[in-house]
Amino acid sequence: MAFMRKSKFRHVFGQALKRDQCYDAIRVTRTSWESTYCAVNPKYLAVITEAAGGGSFLVLPLQKTGRVNMDHPMVAGHKGAVLDIAWCPHNDDVIASASEDCTVKIWQIPEGGLKENLTDPVVDLTSHQRRVTLLVWHPTAMNVLLSTGSDNLIILWNVGTGEAVLQIDMPDQIYSGSFNFDGSRFVCTCKDKNLRILDTHTGKVLQEGKGHLGSKPAQCAYLKNGQVFTTGFSKISERQYALWDENDLNSPIVIEEIDSSNGVMFIFYDPDTSMVYLAGKGDSIIRYYEVTDEAPFVHFLTLFQSRDSQRGIGFMPKRGLNVNNNEIARFYKLHNTGLCEIIPFTVPRKSELFQDDLYPDTASDVPAISAEDFFSGKNAEPVL
């Protein structure tokens, strides 16, 4: 008889909302770049859209569900297609967008959402020579943003002053990246199949190792305990996940085959519950795992399955969840048909009281340090 590991997340249950509680008729972008096309925070949902002669994205207040009008106002200021968008963790009205026009723009969404097209960014960040493909906000320092582009550069920006403070030359295109818990290190996956950990103050490579051997983009997430979780492909194109020690990238702690589908697997990580959700592009499944300190370290919990495949996906930060329903995660799944489906994940409990074991203190929207402090060499854990 197999021993069942105890976990309070074994019965996590995902259930999509009815169509009229979701968003419909969104013209999702057709770009082929591997991005999630969608970003969400406790106030707004943002989706990159198809636009003629430029790049734009939609910002909808969360409560404004239903059909989206054809003439709904957009954020439209880029000359090329938008490839990535990211909400600022410390201000729910601020979003950054990266585009094929080599720029990063920072936008302030007016209170209550857009009444007309927004074409004037608060800040223009221009230093990349080629298209900008990835944006990651610093988790604890105010106004610090990291961008990467097809010019193989990683740039750390002080958004408040609009200057590129640190530029790091990489040997190849960066596919994905993630800061550690206090933002002092950054892990990235690269087209040369190597996994690297960088010091965010000096740009020095602290650790380097061969990651997944397949040629498709690998994804990575820095875990709170200092480990790194990656997804990618094997030489024979099977999808895998792996867990690494930040101080030794020579060989993974665990590496497991998942299946032989061909969609890139995006990683959504919740540091409070140590849960990892994997959503593959073109899949109709969201898998979830719990990462613990005991072998085999990554424990498969279960999967959420639906009929329709996901074109893109957004993940709600912890501050935006409904604690009264014991909701521990919420996904916003983009369908090819233009529907954005909301899928809350809950832990069934009989009690009506606040479940403090499901909701340990979480990162707040208050930055721990200023950009100036960070660029002068300081680190700080998130304010909880």
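About the cut-offs
- Residues numbered from 1 in each chain as written.
- Predicted model: local features only at pLDDT ≥ 70, side-chain atom pairs only at ≥ 80, totals over all residues.
- Heavy atoms only, no water.
- Pairing = 2+ DSSP bridges.
- Helix = DSSP H or I, 4+ residues; strand = E, 2+ residues; numbered from the N terminus.
- Axes fitted to C-alpha atoms, helices over the stretch in contact; angles between N-to-C directions.
- Salt bridge = Lys/Arg side-chain N within 4 Å of Asp/Glu carboxyl O.
- Buried < 20%, exposed > 50% of the residue type's maximum accessible area, 1.4 Å probe, protein only.
- Core = buried A, V, L, I, M, F, W, Y, C linked by side-chain atoms within 4.5 Å.
- Contact = heavy atoms within 4.5 Å.
- Phe/Tyr/Trp six-rings, centres within 6.5 Å; stacked < 30°, edge-to-face > 60°.
- Lys NZ or Arg CZ within 6 Å of the ring centre and 35° of its normal.
- UniProt positions renumbered as here; feature names shortened; annotations may be inferred.

1. Re the sheet that holds strand β9 (residues 94-99)
In step 1: One open sheet accounts for four strands, arranged β8-β9-β10-β11; its pairing is antiparallel. Among the strands making up the open sheet, the edge pair consists of β8 (82-87) and β11 (123-126). Across the sheet, the mean angle from the axis of one strand to that of its neighbour is 20 degrees, orientation sign disregarded.
In step 2: As paired elements, strand β10 (residues 103-108) and β11 share four bridges and run antiparallel to each other. Of the residues in β11, the one forming a bridge with I106 is V123.

2. Observations concerning the pattern of salt bridges
In step 1: Summed over the entire model, instances satisfying the criterion amount to 19 salt bridges.
In step 2: As a salt-bridge pair, K43 and E111 come within 3.3 Å of each other at their nearest N and O atoms. Linking K43 in the loop between β3 (38-40) and β4 (44-49) with E111 in the loop between β10 and β11, this pair joins segments that are 68 residues apart in sequence.
In step 3: Judged by relative accessible area, E111 falls into the exposed class, the value being 63%.
In step 4: Ionic pairing is found between K378 and D373, a salt bridge with its closest N-O pair at 3.6 Å.
In step 5: Relative accessible area serves as the criterion here: at 44%, K378 is assigned to the partly exposed category.
In step 6: Using a relative accessible area of 26% as the deciding quantity, one classes D373 as partly exposed.
In step 7: Salt bridges sharing common partners tie together R239, D259, D283 and R287.

3. Regarding the sheet that holds strand β13 (residues 144-149)
In step 1: The four strands are arranged β12-β13-β14-β15 in an open sheet whose pairing can be described as antiparallel. The open sheet has two edge strands with one neighbour each: β12 (132-137) and β15 (163-169). Across this sheet, the average inter-strand angle for adjacent strands is 20 degrees, counted without regard to direction.
In step 2: Pairing geometry for strand β14 (residues 153-158) and β15, over six bridges, is antiparallel. The residue bridging I154 from the neighbouring strand is I168, located in β15.

4. A word on the pairing of strand β20 (residues 219-222)
Walk down a regular strand and you will see the side chains alternate between the two sheet faces.
In step 1: Neither face of β20 is exposed, since Q219 and A221 on one face and C220 and Y222 on the opposite face are all buried.
In step 2: Sheet topology note: the β20/strand β21 (residues 227-233) ladder contains four bridges and is antiparallel. Bridging from a neighbouring strand, Q219 pairs with T231 of β21.
In step 3: Where β20 hands over to β21, the hairpin turn is made up of four residues, of which G226 adopts a positive phi near 95 degrees.

5. Observations concerning the nonpolar core
In step 1: With 36 residues, the main nonpolar core has Y23, L45, F57, V59, I109 and Y332 as its most contacted residues.
In step 2: The set of elements that each furnish at least two residues to this core consists of β3, β4, β5 (55-61), β8, β29 (327-334) and β30 (340-346).
In step 3: Broken down by element, this core gets its largest block of residues, five residues, from β4.
In step 4: Once residues within four sequence positions are removed from consideration, F57 is found in contact with A46, V47, I48, T49, M74, V75, V82, I85, I95, S97 and W107.
In step 5: By size, the runner-up hydrophobic cluster in this structure holds 23 residues, among which are F266, F268, I286 and L301.

6. Structural notes on the packing of aromatic side chains
In step 1: For the structure shown, the criterion picks out 19 aromatic pairs.
In step 2: When the ring of F331 is compared with that of F345, the centres are 5.5 Å apart and the planes differ by 80 degrees; the resulting orientation is edge-to-face. Highlighted residues: F331 in strand β29 and F345 in strand β30, separated in sequence by 14 residues. Summarising the burial analysis for this pair, F331 and F345 share the class buried.
In step 3: Ring centres 5.5 Å apart and planes at 25 degrees place the aromatic pair F354 and Y359 in the stacked group.
In step 4: Classification of Y359 by relative accessible area gives buried; the value is 11%.
In step 5: Through successive ring pairs, a cluster of aromatic residues spans F268, Y277, Y288, F304, F315, F331 and F345.
In step 6: The positively charged end of K216 is found above the aromatic ring belonging to F233, 5.5 Å away from the centroid.

7. Section: the environment of I236
In step 1: Topologically, I236 is positioned in the loop between β21 and β22 (239-245).
In step 2: Residue classification places I236 among the exposed positions, given a relative accessible area of 66%.
In step 3: C-alpha of I236 to C-alpha of V40: the two residues are 196 residues apart in sequence and 35 Å apart in space.

8. A look at the UniProt feature "repeat: WD" (unreviewed entry) in the protein
In step 1: As recorded in UniProt, the sites labelled "repeat: WD" (unreviewed entry) are residues 75-117 and 125-167.
In step 2: End C-alpha atoms of residues 75-117 are separated by 6 Å, and the span's content is 0% helix alongside 51% strand.

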